[in-house]
Amino acid sequence: MKRISNASLKHLNSFSVEARAGHLLELESEEDLQTLISEHTFDAASDLILGGGSNIVFADDIEGTVILNRVTGKRIIKDTSAGVVLEVNAGENWHQLVLWCLDHGLSGIENLSLIPGLVGAAPMQNIGAYGVELADVLDSVLTLDLKSGTPREFKQQECHFTYRNSRFKSADAGKYLITGVRLCLQREFKPILTYRGLSEELSTMGIDSPTARQLSDAVTRIRQRKLPDPKISGNAGSFFKNPMVSLTKADLLAREFPGLPVYPSDNEAKLSAGWLIEQCGWKGRSMGRVEVSEQHALVLINKGNATGQEILVLANAIQASVRDRFGIELEPEPLIISQ
Ligand SMILES: Cc1cc2nc3c(=O)[nH]c(=O)nc-3n(C[C@H](O)[C@H](O)[C@H](O)COP(=O)(O)OP(=O)(O)OC[C@H]3O[C@@H](n4cnc5c(N)ncnc54)[C@H](O)[C@@H]3O)c2cc1C
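Here is what the cut-offs are and how they apply
Residues numbered from 1 in each chain as written. Predicted model: local features only at pLDDT ≥ 70, side-chain atom pairs only at ≥ 80, totals over all residues. Heavy atoms only, no water. Salt bridge = Lys/Arg side-chain N within 4 Å of Asp/Glu carboxyl O. Helix = DSSP H or I, 4+ residues; strand = E, 2+ residues; numbered from the N terminus. Buried < 20%, exposed > 50% of the residue type's maximum accessible area, 1.4 Å probe, protein only. Arc of directions from axis to C-beta. Contact = heavy atoms within 4.5 Å. Near = heavy atom within 4 Å. Polar contact = N/O pair within 3.5 Å; in protein donor to acceptor, adjacent residues only side chain to side chain. Areas by Shrake-Rupley, 256 points an atom, 1.4 Å probe, with all protein chains shown as cover. Domains from an automatic or database assignment.

Caption draft 1: A look at the pattern of salt bridges. On inspection of all chains with the given rule, the structure shows 22 salt bridges. Across the pair Glu87 and Arg182 runs a salt bridge, and its minimum N-O distance is 2.7 Å. Of this pair, Glu87 sits in strand E7 (residues 83-89) while Arg182 sits in strand E12 (residues 176-186); the two residues are 95 residues apart in sequence, bridging distant segments of the chain. Connected via shared salt-bridge partners are Arg75, Glu87, Asp139, Glu153, Lys155 and Arg182.

In structure tokens, the structure reads:
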């Protein structure tokens, strides 16, 4: 296990903001997991588990210990003619996993191509994109209880997945270290093309009936066009969740604000946070060293040496505008570290 005191977190978060951790522990093997449990008492108030840092804003330092679970490895634990159950350790890179599955003729997560971060964080907010969510392919989440050190497996239904949320991000936040996931993957590829832009991209590529790899390529092309690359412009992807409102409220809003995109589901409707922000005139605007992306109004960008506090100042200003104009409360998607 690697141990560093008074560690910089600047290169461990995709916003590239400076913050420090009292201690940093990097777990590299299954034995390190056991050592962590026997030697360290996790305190959710001052410690943090960090994956790739692509969904987090450090507006303050971490006084305690930051734990990086970098244990890699994957194994097929069930193999049938239809598909497999693949167990993947938390330290694997998510996009590399997607590519590995494509190389091995396994489909199910190609719509989730190019999402930054590690496998261990994927269940936290039930990562989703282009018509697919992790919940659609997840068999179970493997964890260690950070208090007792006992392993616990949560089957899909026990994870309480909803849009960009799970029990691990809400009721049980700070309670479990995710050590791996089990995914149900198929050999026969059934493209999911519910997201209209995806079919359009495939048409542009001259493809009628895509292979899984072609679908992954289409997703990658859209993402590279729409989203700024965190390696060039520090960001955390969508900064706000798309608000969910009752069908009645969505109907009233749609009448009052023609053009408002509304996506009804069972009992609720999802509104486009990006549209709301754009209507308030924020797209492309800056406050100090933080900018609302020209490419995508949902993405806030560190223009260089911004602090986490500066990111929050802009986020708060956007929330206030949307609240005043539409009466809607935008909820940030990343974890915000602030005292
Ligand atoms: C350019 C860009 C595009 C993005 N696009 C999408 C998208 O399309 N869809 C989407 O859903 N998200 C998207 N995201 C957000 C982000 O990539 C995902 O949420 C990703 O799963 C975060 O992974 P991470 O390893 O970086 O997690 P981190 O940011 O390190 O951590 C996120 C949360 O998970 C917790 N955590 C991490 N690992 C563990 C573990 N092993 N055990 C317990 N808790 C853990 C952390 O404490 C924190 O609360 C995007 C981000 C960027 C920068």
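Caption draft 2: Looking closely at helix H1 (residues 30-39). Among the residues of H1, those classed as buried are Asp32, Leu33 and Leu36. Around the axis of H1, the buried residues are gathered within 105 degrees of arc, so they sit on the same side. Residues of H1 that are exposed and point more than 90 degrees away from the buried face comprise Glu31, Ser38 and Glu39. Check the buried side of H1 and you find it contacts strand E2 (20-27), strand E5 (62-69), strand E10 (138-145) and E12.

Caption draft 3: Region of the structure containing the site of the ligand. The immediate surroundings of the ligand are formed by 31 residues, with Ile49, Gly51, Gly52, Ser54 and Arg223 found nearest. Within the backbone of Leu118, a nitrogen or oxygen atom sits 2.8 Å from an oxygen atom of the ligand. At 2.8 Å, a backbone N or O of Gly128 approaches a nitrogen atom of the ligand. Surface burial for the ligand is 93%, taken as the share of its 990 Å² of free accessible area covered by protein chains. Counting only elements with at least two residues in the shell around the ligand, the list comes to strand E3 (48-50), strand E8 (128-129) and E12. Two domains share the shell around the ligand, each providing at least three of its residues, namely domain 1 (2-69) and domain 2 (74-186).

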